[in-house]
Amino acid sequence: MNEQELVVQALLPVLKDHLDAAAIAKLIEVPKTSDLGDYAFPTFTLAKIFRQAPQQIAADLAPKINADNFEKVQAVGPYINFFLDKAQFSHQLLQTILQQAEHYGDANLGQQGQVPIDMSSPNIAKPISMGHLRSTVIGNSLANILTKVGYKPVKINHLGDWGTQFGKLIVGYKKWGSEAAVKADPITNLLKYYVKFHQEDQAHPELDDEARDWFVKLEAGDDEAIKLWTWFRKVSLQEFMKIYDMLDIQFDSYKGEAFYNDKMAEVVQMLEDKKLLKKSQGAEIVDLSAYNLNPALIKKSDGATLYITRDLAAAIYRKRTYHFVQSLYVVGNEQRDHFKQLKAVLKEMGFDWADDIHHIPFGLITENGKKLSTRQGRVILLENVLNDAVDLAHKQIDAKNPDLANKDQVANDVGIGAVVFHDLKNERLNNFDFNLEDVVRFEGETGPYVQYTNARAQSILRKAGVDLKQQTDYTLADRSAWDVLKQLAEFPDMIIRASKEYEPSVIAKYALRLAKNFNKYYANTKVLVADAEKPARLAMVASVSQVLTQSLALLGVHAPKEM
RNA sequence: GUCUCGAUAGCUCAGCUGGAUAGAGCAACGGUCUUCUAAACCGUGGGCCGUGGGUUCGAAUCCCACUCGAGGCACCA
């Protein structure tokens, strides 16, 4: 029986004439601070029935409640506060966590259903920016969280490896580039050509015609065009892999836009068969006015297909391939309408699984309040940010723990952990203005703070020299440990909530709160003192480390044992 | 113009399904390393929760209007 149920059962006998168990459960709340108890029952709603002041009702009812299962039951103002039995609670909780270890908090909401996650998806020949980082780390964390609750995620890197920009790129390369330069530093130089193209085409509009011609050649399978495209794609992907390795993120599929080139004709045919296509201003559209949306542009007036056509093909391909129970797209909030359109067209096509498609939007990263633009060369390169963070972590280690073993590994874990955690700690939809100092901060509400807390816990366990598995009694009635214990018990609920809201920040916030409570605890309480509760204290330290490590892992952040 | 998202301390943000004095971190100031790593802990100051209405016993939280900011609004993705 969970703790809240105990409270309901205690209240039921004195309230059964007025409220049933479900109604009582709905009213129960958790007080802000634990000196007001662990659960509280507000008496406001009873005021009308009893025609008495809520304070009076609370004072009258409290003594009538059977408090056997509690430390105490007490009326405070208009509330009846319940205090849990700390000894019993701590014993059960710590035993559970130590037994279940990394499986503590597992759930089976997903029943092994597959969930493709469209994430990261950088564009070939362009650098991975801070914006891609968001999609990448949010997608990766959601994959971890969904796995924890019983789904089978499929991480798909839907590479931007097709489109008119390749025409521009080929023109730029042929005019200003060289094989040697691309080989030496592929992305930097390819980006240079692309940016230069957009500068030059202001004054020389004929460049746009050349670019269009090259893209037409590419689509037609022209040897030179294909050769260049294949080469650009290969060297770009190699560069991307460096970053994914740094982040320790792996994908299950790299099927990008080009993969769907030969799958769009079928989609167009299906739309025609279902009589959904209409001519409008020379283009083929699906009218979505019934959904209060702009029409979906399936074919341009020149006959070429568009973004949404490709995404329709991809959605259908994923349904056929993975038989998904949900299909997620971790893509910026500015594409909200696009995904509404995508779902609407699929609905019109008669696919009821359109409802299982979820756009997971996230806020924009700006610099000085302005949107970044690759075309203008205004980008924040993720690789630089990660390298800066790792360098800074190195300096910290040299200053604070110069004798540490595995310095390089720890510097990586900490530096990259800081960047990833910073991205995940706030609600997805918040915009954030990029500020390097903020991103690589190691103090306060940061990833390294959580990592450090865990390292300290590990340090205590190393020095304890006790085998926790030999132990049977985990009773810890110490008041100062109470907030930590209660919070450890919340972990499973946090995972469920994060999975339902597709919100990694729930886990990040939880980890910060747990770290803070634990820091406070061990700053004031000596763990390694030989007394009756020492084994239980160590069990709690081990549990905290277990849960912090798990939380960080769900976010895709490593937890070094020393730092 | 229209739709979406947002507005809480100097800055960055929490505040779960409305409930007990609105909380953190950073920044500022002041304490704590012969004792489990000071990437930590403790303390001080700082807020008509954008504005105006409404619903409710009770609103930062729900509803309406307005102001301001960001983003989207068919032949880019």
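These figures come from a predicted structure and were not determined experimentally. (Residues numbered from 1 in each chain as written. Chains lettered and ligands numbered in written order. Predicted model: local features only at pLDDT ≥ 70, side-chain atom pairs only at ≥ 80, totals over all residues. Heavy atoms only, no water.)

Asker: In this structure, what is going on with the overall build of chain A? I would like to understand it.
Answerer: The helix and strand tally for chain A stands at 21 helices and 13 strands. Seen through its C-alpha atoms, chain A measures out along the principal axes to roughly 85 × 65 × 40 Å. Burial statistics for chain A: of 563 residues in total, 51% are counted as buried. Excluding contacts between residues fewer than 6 apart, the proportion of contacts in chain A whose partners are at least 24 apart in sequence is 73%. Accessible area of chain A: about 26,400 Å², with a carbon and sulfur share of 48%. For chain A, the distance from the average site of its 67 positive side-chain charges to the average site of its 73 negative ones is 1 Å. (Helix = DSSP H or I, 4+ residues; strand = E, 2+ residues; numbered from the N terminus. Buried < 20%, exposed > 50% of the residue type's maximum accessible area, 1.4 Å probe, protein only. Contact = heavy atoms within 4.5 Å. Areas by Shrake-Rupley, 256 points an atom, 1.4 Å probe, with all protein chains shown as cover. Lys, Arg positive; Asp, Glu negative; His and termini not counted. Charge placed at Lys NZ, Arg CZ, Asp CG, Glu CD.)

Asker: It is not clear to me how the protein's contact with RNA strand B should be interpreted in this structure. Could you clarify?
Answerer: Taken together, 60 residues lie around RNA strand B, and Tyr79, Glu257, Leu297, Lys300 and Ser459 are the ones closest in. Here the atoms of RNA strand B within 4 Å of the protein split so that 64% fall in sugar or phosphate, with bases taking the remainder. A distance of 3.1 Å is found between a base nitrogen of RNA strand B and a side-chain nitrogen or oxygen belonging to Asn81. The contact in question runs from a phosphate oxygen of RNA strand B to an N or O atom on the side chain of Tyr449, over 2.7 Å. At the level of secondary structure, the elements contributing two or more residues to the surface near RNA strand B comprise α3 (44–50), β3 (79–84), β7 (283–286), α14 (336–348), α15 (382–400), α18 (447–464) and α20 (505–524). Residue classes in the surface near RNA strand B are distributed as 24 nonpolar, 15 polar and 21 charged. (Near = heavy atom within 4 Å. Polar contact = N/O pair within 3.5 Å; in protein donor to acceptor, adjacent residues only side chain to side chain. Nonpolar A, V, L, I, M, F, W, Y, C, P; charged D, E, K, R; others polar.)

Asker: Teacher, can you tell me more about helix α11 (residues 223–247) here?
Answerer: For an α-helix, the turn length of 3.6 residues means that residues three or four places apart are oriented alike. Given a rise of 1.5 Å per residue, 25 residues ought to cover 36 Å, and the 36 Å separating the end C-alpha atoms of α11 matches this to within 8%. Where α11 begins, the capping side chain belongs to Asp222, and its oxygen is found 3.2 Å from the backbone nitrogen of Glu224. A positive backbone phi angle near 55 degrees is found at Asp248, which sits one or two residues after α11. (Expected span 1.5 Å × (residues − 1).)

Asker: Help me understand the sheet that holds strand β6 (residues 277–280) in this model?
Answerer: One key point about sheets: their strands pair by backbone hydrogen bonds, in either a parallel or an antiparallel sense. On the basis of which strands lie adjacent, the open sheet formed by three strands has the order β6-β7-β8 and antiparallel pairing. With partners counted over all chains shown, the strands left at the sheet margins are β6 and β8 (296–299), one partner each. The sheet shows a mean angle of 45 degrees between the axes of neighbouring strands, direction not considered. The sheet contact formed by β6 and β7 spans four bridges and is antiparallel. Along β7, the bridge assignment pairs Ser280 with Ala283. (Pairing = 2+ DSSP bridges. Axes fitted to C-alpha atoms, helices over the stretch in contact; angles between N-to-C directions.)

Asker: It is not clear to me how the sheet that holds strand β9 (residues 327–330) should be interpreted in this structure. Could you clarify?
Answerer: The four strands lie next to each other as β5-β4-β9-β10, forming an open sheet whose pairing is parallel. Lying at the two open borders of the sheet, with one neighbouring strand each, are β5 (152–157) and β10 (357–360). On average, each strand axis in the sheet is tilted by 20 degrees relative to the strand beside it, whichever way the strands run. Bridge count for β9 against β10 is four bridges, and the pairing is parallel. Bridge pairing links Tyr329 to His359 in β10.

Asker: What is the right way to look at the pattern of salt bridges in this model?
Answerer: Once the charged atoms of two side chains with opposite charge are near each other, the side chains can pair. Enumeration over the complete set of coordinates arrives at 20 salt bridges. Here Asp398 makes a salt bridge to Lys407, at a shortest N to O gap of 3.0 Å. Judged by its relative accessible area of 24%, Lys407 is partly exposed. (Salt bridge = Lys/Arg side-chain N within 4 Å of Asp/Glu carboxyl O.)

Asker: Please explain the nonpolar core as it appears in this structure.
Answerer: Among soluble globular proteins, nonpolar side chains are generally buried collectively. Formed by 146 residues in total, the largest nonpolar core has its most connected members in Phe41, Phe82, Leu488 and Met540. Per-element accounting of this core gives the leading share, 12 residues, to helix α21 (residues 534–555). With sequence-adjacent residues up to four places away left out, Phe82 is seen in contact with Val7, Ala10, Leu11, Gly37, Asp38, Tyr39, Phe41, Ile65, Phe70, Lys72 and Val73. Core analysis: the next-biggest nonpolar cluster, separate from the first, contains 33 residues, Ala296, Ile316, Val345 and Trp353 among them. (Core = buried A, V, L, I, M, F, W, Y, C linked by side-chain atoms within 4.5 Å.)

Asker: Whenever I open this one, the pairing of β3 confuses me. Can you help?
Answerer: Within a regular strand, side chains alternate between the sheet's two faces. Most of β3 is tucked away: five of the six residues are buried. Inspection of the sheet shows strand β1 (residues 39–42) paired to β3 by four bridges, in the antiparallel sense. The residue of β3 that forms the bridge with Ala40 is Asn81. As paired strands, strand β2 (residues 70–76) and β3 are joined by six bridges and run antiparallel to one another. If you follow Ala75 over to β3, its bridge partner there is Ile80.

Asker: Hey, could you run me through α21 in this one?
Answerer: Relative to the 32 Å expected for 22 residues at 1.5 Å per residue, α21 spans 32 Å between its end C-alpha atoms, a close match to the ideal helical length. One or two residues past the end of α21 sits Gly556, with phi positive at roughly 85 degrees.

Asker: How do you make sense of a positive patch on the surface when you look at a structure like this?
Answerer: A contiguous patch of positive charge, built from Arg456, Arg462, Lys463, Lys526 and Lys561, is present on the exposed surface. Secondary-structure assignment places Lys526 in the loop between α20 and α21. Under the relative-accessibility criterion, Lys526 is labelled exposed at 61%. (Patch = residues over 30% accessible without salt bridge, like charges linked within 9 Å, V, L, I, M, F, W, Y side chains within 5 Å.)

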